[in-house]
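Listed below are the residues making up each chain.
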Amino acid sequence: MHHNPISIKNLSYSYPDGTTALQSIYLDIRAGDRVALVGANGSGKSTLLMHFNGILLPQSGEVVVGDLSVEPRHLKAVRNFVGLVFQNPDDQLFMPTVWEDVTFGPMNQGLRGEALRHRSHHAMEAVGLEPELYGSRNANNLSGGEKKRVAMAGVLAMQPQVLVLDEPSAQLDPRSRRQLIQLLHRLPITQLIATHDLDLALELCPRTIVLSHGQIVFDGITEQVLSNPDFLDQHALEMPLCYSRPYCLLEHQPRAIAARRDGG
Ligand SMILES: Nc1ncnc2c1ncn2[C@@H]1O[C@H](COP(=O)(O)OP(=O)(O)O)[C@@H](O)[C@H]1O
Ligand SMILES: [Mg+2]
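About the criteria used
Throughout, a residue's number is its position along its own chain's written sequence, starting from 1. Whichever chain is written first is A, and whichever ligand is written first is 1; the rest continue in order. Only residues with pLDDT of at least 70 get local features here, since the model is predicted, and only at 80 or more are side-chain atom pairs given and counted; chain-wide, interface and lining totals rely on the full set of residues. Put simply, DSSP H or I for four residues or longer makes a helix, DSSP E for two residues or longer makes a strand, and each gets a number counted from the N terminus. Note that the radius of gyration is over C-alpha atoms, with the globule rule given as 2.2 Å times the number of residues to the power 0.38. We call a residue exposed when 12 or fewer other C-beta atoms sit within 10 Å of its C-beta, buried when the count reaches 20 or more, and partly exposed for counts in between; the C-beta positions come from the backbone. Here, residue contact means that the backbone-derived C-beta atoms of the two residues sit within 7 Å. Working rule for contacts: place C-beta from the backbone, and if it is within 6 Å of a molecule or strand, that residue counts as near it. To define a nonpolar core, we join buried Ala, Val, Leu, Ile, Met, Phe, Trp, Tyr and Cys residues through C-beta atoms within 7 Å and take the resulting set. Helix span is expected to be 1.5 Å times the residue number reduced by one. The directions from the helix axis to the C-beta atoms form the arc being described. Lines fitted to C-alpha atoms define the axes, with helix axes restricted to the stretch in contact, and inter-axis angles between N-to-C directions lie between 0 and 180 degrees. Here is the rule for angles: anything less than 35 degrees is roughly parallel, anything more than 145 is roughly antiparallel, 65 through 115 is roughly perpendicular, and the remaining ranges are oblique. By convention, the crossing between two helices is left-handed when the near helix turns anticlockwise from the far helix through less than a right angle, and right-handed when the turn is clockwise. Paired strands, as defined in this entry, are two strands with at least two bridges between them according to DSSP. Side-chain classes are defined by residue name, with Ala, Val, Leu, Ile, Met, Phe, Trp, Tyr, Cys and Pro counting as nonpolar, Asp, Glu, Lys and Arg as charged, and the others, Gly among them, as polar.

### Details of the overall build of the protein chain
Stage number 1. Regarding its fold elements, the protein chain presents 13 helices and 10 strands.
Stage number 2. Rg of the C-alpha trace for the protein chain: 19 Å, near the compact-globule value of 18 Å for 264 residues, within the 12% margin.
Stage number 3. Reported as C-alpha extents along the three principal axes, the dimensions of the protein chain are approximately 60 × 45 × 35 Å.
Stage number 4. Burial statistics for the protein chain: of 264 residues in total, 41% are counted as buried.
Stage number 5. The contacts in the protein chain between residues at least 6 apart in sequence include a share of 65% that link residues at least 24 apart.

### Some words on the site of ligand 1
Stage number 1. Around ligand 1 sit Tyr15, Asp17, Thr19, Ala21, Gly39, Asn41, Gly42, Ser43, Gly44, Lys45, Ser46 and Thr47, and that is every residue in its neighbourhood.
Stage number 2. By residue number, the principal contributor to the shell around ligand 1 is helix α1 (residues 45-52), which donates three residues.

### What to know about the nonpolar core
Stage number 1. Of all hydrophobic cores here, the largest spans 68 residues; its most connected members are Leu37, Ala153, Val164 and Ala201.
Stage number 2. Not counting chain neighbours up to four residues away, the residues in contact with Val164 comprise Leu49, Phe52, Val82, Gly83, Leu84 and Leu192.

### Here's the deal with helix α4 (residues 113-126)
Stage number 1. The end-to-end C-alpha distance of α4, which contains 14 residues, comes to 20 Å, matching closely the 20 Å that a straight helix rising 1.5 Å per residue would cover.
Stage number 2. Along α4, the residues classified as buried are Arg119, Ser120, Ala123 and Met124. What you see down the axis of α4 is that its buried residues fit within an arc of 130 degrees, all on one side. The outward face of α4, more than 90 degrees from its buried face, is lined by the exposed residues Glu114, His118 and Glu125.
Stage number 3. Looking at the buried positions of α4, the neighbouring elements they touch are α3 (98-108), α5 (131-134) and α6 (144-156).
Stage number 4. Gly128 lies just past α4 and shows a positive phi near 80 degrees.

### Describing the packing of α3 against α6
A packed helix pair is summarised by two numbers, namely the angle formed by the two axes and the spacing between the axes.
Stage number 1. The geometry of α3 relative to α6 is characterised by a closest axis approach of 7 Å and an angle of 30 degrees between their N-to-C directions. The orientation of α3 with respect to α6, classified from their angle, is roughly parallel. As α3 packs across α6, the resulting crossing turns out to be right-handed. Contacts from Val98, Asp101, Val102, Phe104 and Gly105 in α3 reach Val150, Ala153, Gly154 and Val155 in α6.

### Let's talk about α3
Stage number 1. For α3, the complete set of buried residues consists of Val98, Trp99, Asp101, Val102, Thr103, Gly105 and Pro106.
Stage number 2. Of the surrounding secondary structure, the elements contacted by the buried residues of α3 are α4, α5 and α6.
Stage number 3. Gly110 lies just past α3 and shows a positive phi near 105 degrees.

### A short note on the sheet that holds strand β4 (residues 60-65)
Stage number 1. The four strands lie next to each other as β2-β1-β4-β5, forming an open sheet whose pairing is antiparallel. This sheet does not close on itself; its edge strands, each paired only once, are β2 (20-29) and β5 (68-69).
Stage number 2. Alignment of β4 against β5, held across two bridges, turns out to be antiparallel. Across the sheet, the residue bridging to Val65 is Leu68, located in β5.
Stage number 3. Docked against the sheet, α1 engages β1 (6-14), β2 and β4, running at close to 55 degrees with respect to β2.

### What about the packing of α3 against α4?
Stage number 1. Orientation of α3 relative to α4, taken along the N-to-C sense of each, is 125 degrees, at an axis distance of 10 Å. Our classification of the angle between α3 and α4 gives oblique. The interaxial crossing formed by α3 with α4 has right-handed handedness. The segment α3 lies against α4, with Trp99, Val102, Thr103, Pro106 and Met107 engaging Leu116, Arg119, Ser120, Ala123 and Met124.
Stage number 2. Residue composition of the contact of α3 with α4, by class: seven nonpolar, two polar and one charged.

### Some remarks on the environment of Leu211
Stage number 1. On the secondary structure map, Leu211 appears in strand β9 (residues 207-212).
Stage number 2. Leu211 sits in the buried class, given 25 other C-beta atoms within 10 Å.
Stage number 3. The sequence separation of Leu211 and Gly154 amounts to 57 residues, and the corresponding C-alpha distance is 28 Å.
Stage number 4. When near neighbours in sequence (up to four residues on either side) are disregarded, Leu211 contacts Leu37, Gly39, Ser43, Gly44, Lys45, Leu48 and Ile216.

### Quick word on the sheet that holds strand β10 (residues 215-221)
As a general point, the strands of a sheet are linked pairwise by backbone hydrogen bonds and lie either parallel or antiparallel.
Stage number 1. Pairing is mixed across the open sheet formed by six strands, whose spatial order is β6-β7-β8-β3-β9-β10. Every other strand in the sheet has two partners, leaving β6 (82-85) and β10 as the edge strands with one partner each. Geometrically, the sheet is characterised by an average inter-axis angle of 15 degrees between neighbouring strands, direction not taken into account.
Stage number 2. Where β9 lies against β10, six bridges are found, and the strand directions are antiparallel. Residue Leu211 lies in a different strand from β10, and its bridge partner there is Ile216.
Stage number 3. Of the strands in this sheet, β3 (34-38), β6, β7 (162-166), β8 (190-194) and β9 are in contact with α1, which crosses β7 at around 155 degrees.

This is the structure we're talking about:
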């Protein structure tokens with residue numbers, strides 16, 4: 001396992017129409033980290049994530065994944081190393097059946113026969129999709145949440161070292177969201193999760209990065225930033241529900257409040 005599976009230095013990116021999406025990003029993700037990436041709509045989260053597996057190539061600065069700089073000649077290795085689950089599963093699913101979608105990645109890695117079947121089966125079960133029920137379905141006919149899980153199974157089946165998720169809980173119902181949280185919690189790999197679901201961030205990620213207008217404005221302890229209403233407001237974010245509902249404060253309260261109460 002790499003000590004710093006992802007390292008970004010001075011990365012900036014502007015879209016062809018001139019929109020500046022990222023400005024001078026410095027970022028190290030350590031092995032085993034689970035990091036939340038939060039920020040208002042348009043703050044640059046998806047643009048940043050798309051640099052992790054070379055969907056976008058750095059215009060200036062450097063993105064290093066494992067031992068490889070992200071550049072065209074390394075793309076295959078980079079994509080085996082970093083698995084990215086897109087914000088919109090329709091951008092990810094393109095095969096006639098769910099099974100073909102899930103097996104596509106590992107087949108590309110050279111897996112065949114029983115090994116392929118076992119890996120893909122396991123990935124579908126991990127996201128709560130029964131292979132016998134869903135394998136032959138057409139992904140176009142699935143609900144948003146089901147599609148999202150198929151996309152995730154396809155990425156897990158490739159056994160990446162780093163899992164990058166763009167809004168993983170966005171289309172999920174509460175039970176599926178809970179299952180997702182449990183799955184991510186159990187998964188022993190480095191994870192980076194872009195999300196508007198700040199309760200999920202609080203529950204899963206000890207570290208949070210806040211993006212605002214393409215710049216990192218905070219990189220540190222999740223509880224510290226998510227319990228700071230002024231800072232969140234300044235960057236168009238809202239406190240997690242479990243901090244803003246008084247009756248929940250009894251169990252899950254910001255450290256600052258607990259410390260004040262305990263006289264610490
Ligand atoms: N294909 C594109 N062409 C031009 N501008 C884009 C494109 N995609 C995103 N943007 C702009 O780049 C900025 C960052 O967008 P994005 O990374 O999608 O933010 P987020 O994922 O945080 O909502 C926004 O200002 C957005 O309007
Ligand atoms: Mg986005």
